[in-house]
Amino acid sequence: MSMFKSYDKETMIDLDPYVPKDAKLHSKLISSSCDQVTLSSGENTTVNVVFENNGQYHWPRSCQIQCVEGYCRGYSVSIDKCVAPGEKFQATLSIQAPERQGEKMIGFRAFNPLNGEAFGQKFRLIVAQKKEESPLKPESGSIKFKTIPKGGFSSNIVNIDFIEPRPQFIIKRMSRLTGGLNKKR
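The model shown is predicted, which means the values in this text are computed figures rather than measured ones.

1. Considerations on the overall build of the chain
Part 1 of the argument: Helices and strands together make up the secondary structure of the chain, namely 0 helices and 13 strands.
Part 2 of the argument: Counting only residues that meet the buried cut, the chain has 30% of its 185 residues in that class.
Part 3 of the argument: Counting only contacts in the chain whose residues sit at least 6 apart along the sequence, the fraction spanning at least 24 positions is 55%.
Part 4 of the argument: On the chain, roughly 12500 Å² of surface is accessible, and the fraction owed to carbon and sulfur atoms is 50%.

2. Considering the sheet that holds strand 9 (residues 102–112)
Part 1 of the argument: Across the sheet, which stays open at both edges, the 5 strands sit in the order 4-10-9-6-7 with mixed pairing between neighbours. Looking at strand neighbours, the two that pair on one side only are strand 4 (36–39) and strand 7 (76–78), the edges of this open sheet. Averaged over neighbouring strand pairs, the angle between their axes works out to 30° when direction is ignored.
Part 2 of the argument: Pairing geometry for strand 6 (residues 64–69) and strand 7, over 3 bridges, is antiparallel. For Gln64, the partnering residue across the bridge sits in strand 7 and is Ser78.

3. Considering the sheet that holds strand 5 (residues 44–52)
Part 1 of the argument: One open sheet accounts for 3 strands, arranged 3-5-8; its pairing is antiparallel. The sheet terminates laterally at strand 3 (28–32) and strand 8 (88–96), the two strands that pair on one side only. Along the sheet, successive strands turn relative to each other by an average axial angle of 30°, direction set aside.
Part 2 of the argument: Sheet topology places strand 3 next to strand 5; 4 bridges connect them, and they run antiparallel. Residue Lys28 lies in a different strand from strand 5, and its bridge partner there is Glu52.

4. Looking at the state of the cysteines
Part 1 of the argument: Under the counting rule described, the total for this entry stands at 1 disulfide.
Part 2 of the argument: Disulfide pairing is shown between Cys67 and Cys72; the S-S distance is 2.5 Å. With the S-S dihedral at roughly 80°, the linkage between Cys67 and Cys72 falls on the right-handed side.
Part 3 of the argument: Classification of Cys67 as buried rests on a relative accessible area of 1%.
Part 4 of the argument: Taking relative accessible area as the criterion, Cys72 reaches 15% and is therefore assigned buried.
Part 5 of the argument: Residue Cys63 stays outside any disulfide, its sulfur separated by 8.5 Å from that of Cys82, the closest cysteine.
Part 6 of the argument: Residue Cys63 is classed as buried on the basis of its relative accessible area, which comes to 0%.

5. Topic: the packing of aromatic side chains
Part 1 of the argument: Tallied over the full model, the rule gives 3 aromatic pairs.
Part 2 of the argument: Measuring from ring centre to ring centre gives 6.4 Å for Tyr75 and Phe108, while their planes differ by 85°; the resulting arrangement is edge-to-face. Placement of Tyr75 in the loop between strand 6 and strand 7 and of Phe108 in strand 9 is noted, with a sequence separation of 33 residues between them.
Part 3 of the argument: Connected via pairs of aromatic rings, a cluster forms that spans Tyr75, Phe108 and Phe123.

6. Some thoughts on unusual backbone geometry
Part 1 of the argument: Residue Asp80 is not a glycine yet carries a positive backbone phi of 55°.
Part 2 of the argument: Tracing the backbone shows Asp80 in the loop between strand 7 and strand 8.

7. Examining the pairing of strand 5
Part 1 of the argument: For strand 5 and strand 8, the ladder comprises 9 bridges, and the chain directions are antiparallel. Across the sheet, residue Asn48 finds its bridge partner in strand 8, namely Thr92.

Criteria and cut-off values
- Residues numbered from 1 in each chain as written.
- Predicted model: local features only at pLDDT ≥ 70, side-chain atom pairs only at ≥ 80, totals over all residues.
- Heavy atoms only, no water.
- Helix = DSSP H or I, 4+ residues; strand = E, 2+ residues; numbered from the N terminus.
- Buried < 20%, exposed > 50% of the residue type's maximum accessible area, 1.4 Å probe, protein only.
- Contact = heavy atoms within 4.5 Å.
- Areas by Shrake-Rupley, 256 points an atom, 1.4 Å probe, with all protein chains shown as cover.
- Pairing = 2+ DSSP bridges.
- Axes fitted to C-alpha atoms, helices over the stretch in contact; angles between N-to-C directions.
- Disulfide = S-S within 2.5 Å.
- Phe/Tyr/Trp six-rings, centres within 6.5 Å; stacked < 30°, edge-to-face > 60°.

Next comes the structure, spelled out in structure tokens:
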């Protein structure tokens with residue numbers, strides 16, 4: 001079977017070489033910018049991955065790098081070019097932190113939508129969500145004391161409520177005898 005370049009006669013745009021529908025495509029993982037990443041909740045990052053076409057057929061322009069394992073299943077990056085045998089292709093994958101804390105494994109493979117098959121070597125990435133520091137359980141308390149104004153007619157009970165680690169004072173005043181603030185009889 002001959003591999004040849006063809007052009008659209010009107011636009012002179014390079015067309016994909018002929019690839020039989022039942023052709024077995026191959027890919028090999030060459031490198032990646034990382035194999036493990038730690039993110040905060042809701043954070044995104046990018047990972048660059050280089051694949052090589054180590055088969056005998058071109059990858060059609062419609063091929064993708066697709067998540068086939070883990071929480072991002074269905075996410076894909078279009079290749080948007082013909083990748084010749086022996087040629088390398090770099091994909092930039094956008095990775096989002098998992099919804100739950102802990103480490104998750106995700107896997108990517110080249111995918112041929114013409115026949116619905118994933119092909120070649122899988123790239124696996126461990127994505128961990130940073131453990132969020134849980135705030136200290138607030139300790140609370142209340143201090144009560146009485147104030148007696150100069151005439152001795154009423155007493156005010158003052159409550160001071162506080163919450164740790166940063167004291168926040170809420171002062172409540174009430175008059176026990178008169179029902180109002182500092183009312184004299």
